[in-house]
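Summary of structural features
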Amino acid sequence: MLRIAIQAKGRLNEDTMALLEDAGISVSASKRKLIARASGFPLEVLYLRDDDIPQAVQMGVADVGIVGLNEVAEKGMDVVEEMRLGFGACRISLAVPREADYNGVSWFEGRRIATSYPHILRRYFEENGIHAEIHEIAGSVEIAPAVGMADAIFDIVSSGGTLVQNGLREVEVVFPSEAALISKHDLDPEKRADVEKLKFRFRSIVDSRGMKYVLMNLPKARLDEAVAILPGMRSPTVISLADEEWCSLHAVIQESELWEKIELLKALGAEGILVLALENMIR
Ligand code: PRT
Ligand code: ZN
């Protein structure tokens, strides 16, 4: 049986639970328990603070974990990044007061930077030959410049709203991050096989996000042009209709391109276009 460490509560918890659920794995909702048995997969779920997940996986307290890559990098733990999961996207950036005369990384020379990510920042400054004072603080990093504790900050940014509210300006994106499935090195063959099964399920869910299943009727004479617009997993599916002049065309389209492609298809004479949600895409 595989043991997975996930965030007990916080920003990654909901998306993690949804991913497990979509993968056919259900876990009892009671989060008061530290550990719970899942059904639908031979899995035990260990609820932890995100900070503790990389270490729990490195030590083998859990075989796998779901956590932000920012935490993995900060903790400097030696674990395997199995796959990125497409949620929890953010970046760790350097930000300076809005009015600062920022002119490049050398601005940080000799300055005081407040952060909860001292490890990643130290490495970045080393790579850039900058000598700065790094002040590690646990929370509310964004208020440090206003209260005179620091000249700049190094913190997680997602929309950027928090920076703006605190009169700060993002100047260097140092570490792009998202949630990932990580694993302990050298799992035994049985656990390795379970990790592969879990990844297979996760992959089909992550791949299907942002995809739509589209079907339509099309004059056969325009089929080649339509196929050129619609590259599917191999190519679109074409089904004959009773009316020999027409066919039915099925394809998977990226949501971001959906309307643009539909307009092109309509121009070719497509009719009765149906757009359906796609739950899983198994390659
Ligand atoms: O209790 P526990 O230790 O488990 O949780 P936590 O409080 O340490 O972490 P949590 O739940 O806040 O975040 C978990 C993970 O979510 C992080 O490690 C990142 O991988 C990811 N993530 C994604 C974020 C954000 N987006 C994010 N926006 N983590 C934090 N933020 C903060 C950011 O620092 C800012 O202060 O949210 C605030 C709003 O951001 P803006 O830019 O949208 O205004
Ligand atoms: Zn945390």
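For the structure itself, look to the data block above.
Here's a quick rundown of the structure.

Protein coordination at the zinc ion (ligand 2): the donors are D50 (OD) and D51 (OD), at 1.9 to 2.1 Å from the metal. Around the zinc ion (ligand 2) sit four donor atoms, and with donor-metal-donor angles ranging over 75 to 173° the site reads as irregular. Under the relative-accessibility criterion, D51 is labelled partly exposed at 24%.

Turning our eyes to something else, we now look at the side chain of H250. Position of H250 among the secondary structure elements: in strand β15 (residues 246–254). Only 2.9 Å separates the side chain of H250 from the side chain of Y213, close enough to count as a polar contact. A distance of 3.2 Å separates a polar atom in the side chain of H250 from a polar atom in the side chain of S248. Non-local contacts of H250, meaning those with residues more than four positions away in its chain, are made with Y213, V214, L215, P236, T237 and I239.

Another point: the packing of aromatic side chains. Tallying each qualifying case throughout the model produces five aromatic pairs. Pairing F108 with F125 gives two aromatic rings, centres 5.8 Å apart and planes at 40°, and the pair type is tilted. On the criterion of sequence distance, the pair formed by F108 in the loop between β7 (90–97) and β8 (112–115) and F125 in helix α4 (residues 118–127) is long-range, its members being 17 residues apart. Here F125 falls in the buried class, since its relative accessible area comes to 2%. Their ring planes at 45° and their centres at 6.0 Å tell us that Y124 and F125 sit as a pair that is tilted. For the pair shown, Y124 and F125 are each scored as buried. One aromatic cluster is present, formed by Y102, W107, F108, Y124 and F125 through successive ring pairs. Across the ring face of W107, the terminal group of R111 is positioned such that the distance to the ring centre comes to 3.9 Å.

A few words now on the side chain of S93. Note on placement: S93 falls in strand β7. With a relative accessible area of 1%, S93 lands in the buried category. Side chain to side chain, S93 and E170 meet in a polar contact 2.6 Å long.

So, on to the site of ligand 1. Ligand 1 sits among 22 residues. The nearest are R11, R49, N70, S159 and T162. Within the side chain of D51, an N or O atom sits 2.8 Å from an oxygen atom of ligand 1. One nitrogen or oxygen atom from the side chain of N70 is found 2.7 Å from an oxygen atom belonging to ligand 1. For ligand 1, whose accessible area on its own is 840 Å², the fraction buried by protein is 78%.

With that settled, consider the sheet that holds β7. In space, the five strands of this open sheet follow the order β9-β8-β10-β7-β11, with mixed pairing throughout. Where the open sheet ends on each side, the last strands, each with one partner, are β9 (133–136) and β11 (168–177). Direction aside, the axes of adjacent strands within the sheet are offset by 25° on average. In terms of strand pairing, β7 meets β11 through eight bridges, oriented antiparallel. The residue bridging L94 from the neighbouring strand is E172, located in β11.

Cut-off values and rules
Residues numbered from 1 in each chain as written. Chains lettered and ligands numbered in written order. Predicted model: local features only at pLDDT ≥ 70, side-chain atom pairs only at ≥ 80, totals over all residues. Heavy atoms only, no water. Donors = N, O, S within 2.8 Å, 3.2 Å for Na, K, Ca; no water. Tetrahedral: all angles 85-135°; square planar, octahedral: opposite > 155°, others 65-115°. Buried < 20%, exposed > 50% of the residue type's maximum accessible area, 1.4 Å probe, protein only. Helix = DSSP H or I, 4+ residues; strand = E, 2+ residues; numbered from the N terminus. Polar contact = N/O pair within 3.5 Å; in protein donor to acceptor, adjacent residues only side chain to side chain. Contact = heavy atoms within 4.5 Å. Phe/Tyr/Trp six-rings, centres within 6.5 Å; stacked < 30°, edge-to-face > 60°. Lys NZ or Arg CZ within 6 Å of the ring centre and 35° of its normal. Near = heavy atom within 4 Å. Areas by Shrake-Rupley, 256 points an atom, 1.4 Å probe, with all protein chains shown as cover. Pairing = 2+ DSSP bridges. Axes fitted to C-alpha atoms, helices over the stretch in contact; angles between N-to-C directions.

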